[in-house]
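# Architecture at a glance
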Amino acid sequence: MVCIKNMEAIIIGSEMTLSECEELIRDVSDEVYLVPGGYNLLGILLKGARPFPVGFKDGSLFFQFVKPCFGIFALQLEKCDKISELKADFRKQGFEQIK
């Protein structure tokens, strides 16, 4: 398991509702998939009951992260070298593309 603190993630939104975070990710991304809770995204376990929006744009990866006691964050990983692999896995698993 990867620790978020050890990743070079940029916080693009904090103290948000789930809806606000999802809207932000859709707005900043060119391509967005709904990824179910429990998915291991680059070593980060996505926790939640409803699907998470995961977006891509210009080599960046956008996703929401729930940190207990701190709330919901929208994060950006710039220059993510795993985007092609992630998109291929999302398609293979049949995750819904919403944008």
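Refer to the preceding data block for the structure.
This structure is a prediction, so every number in the text was calculated from the model and none was measured.

### A short note on the sheet that holds strand S6 (residues 60-67)
Pairing is antiparallel in the open sheet, where five strands are placed in the order S1-S7-S6-S5-S2. Lying at the two open borders of the sheet, with one neighbouring strand each, are strand S1 (9-16) and strand S2 (31-35). The mean inter-strand angle of the sheet, taken between neighbouring strand axes irrespective of direction, is 25 degrees. Along the sheet, helix H1 (residues 18-28) contacts S1, S2, strand S5 (52-57), S6 and strand S7 (71-77); its crossing angle with S1, the most-contacted strand, is approximately 145 degrees. On the sheet, helix H2 (residues 83-93) packs against S2, S5 and S6 and is oriented at approximately 55 degrees with respect to S2.

### Some details on the side chain of Ser-60
Checked against the element boundaries, Ser-60 lands in strand S6. In this structure Ser-60 comes out as buried when scored by relative accessible area, which is 7%. Within polar-contact distance, the side chain of Ser-60 engages the side chain of Gln-76 at 3.0 Å. Other than its neighbours up to four places away in sequence, Ser-60 contacts Gly-55, Gln-76, Leu-77, Glu-78, Lys-79 and Ile-83.

### Regarding H2
Those residues of H2 that fall on the buried side of the exposure criterion are Ile-83, Leu-86, Lys-87 and Phe-90. The arc enclosing the buried residues of H2, seen along the axis, measures out at 100 degrees, which places them on a common side. When the buried face of H2 is taken as reference, the exposed residues oriented beyond 90 degrees from it are Ser-84, Glu-85 and Lys-92. Within two residues after H2, Gly-94 carries a phi angle of roughly 75 degrees, on the positive side.

### Observations regarding the packing of aromatic side chains
The final tally for this structure, using the stated rule, is six aromatic pairs. With a centroid separation of 5.5 Å and 80 degrees between ring planes, the pair formed by Tyr-39 and Phe-95 is classed as edge-to-face. Pair noted here: Tyr-39 is in the loop between S2 and strand S3 (40-41) and Phe-95 is in the segment after H2, with a separation of 56 residues, a long-range link. Both residues of the pair, Tyr-39 and Phe-95, count as buried. Taking the centre distance of 6.0 Å and the plane angle of 45 degrees together, the rings of Phe-56 and Phe-90 count as tilted.

Cut-off values and rules
Residues numbered from 1 in each chain as written. Predicted model: local features only at pLDDT ≥ 70, side-chain atom pairs only at ≥ 80, totals over all residues. Heavy atoms only, no water. Pairing = 2+ DSSP bridges. Helix = DSSP H or I, 4+ residues; strand = E, 2+ residues; numbered from the N terminus. Axes fitted to C-alpha atoms, helices over the stretch in contact; angles between N-to-C directions. Contact = heavy atoms within 4.5 Å. Buried < 20%, exposed > 50% of the residue type's maximum accessible area, 1.4 Å probe, protein only. Polar contact = N/O pair within 3.5 Å; in protein donor to acceptor, adjacent residues only side chain to side chain. Arc of directions from axis to C-beta. Phe/Tyr/Trp six-rings, centres within 6.5 Å; stacked < 30°, edge-to-face > 60°.

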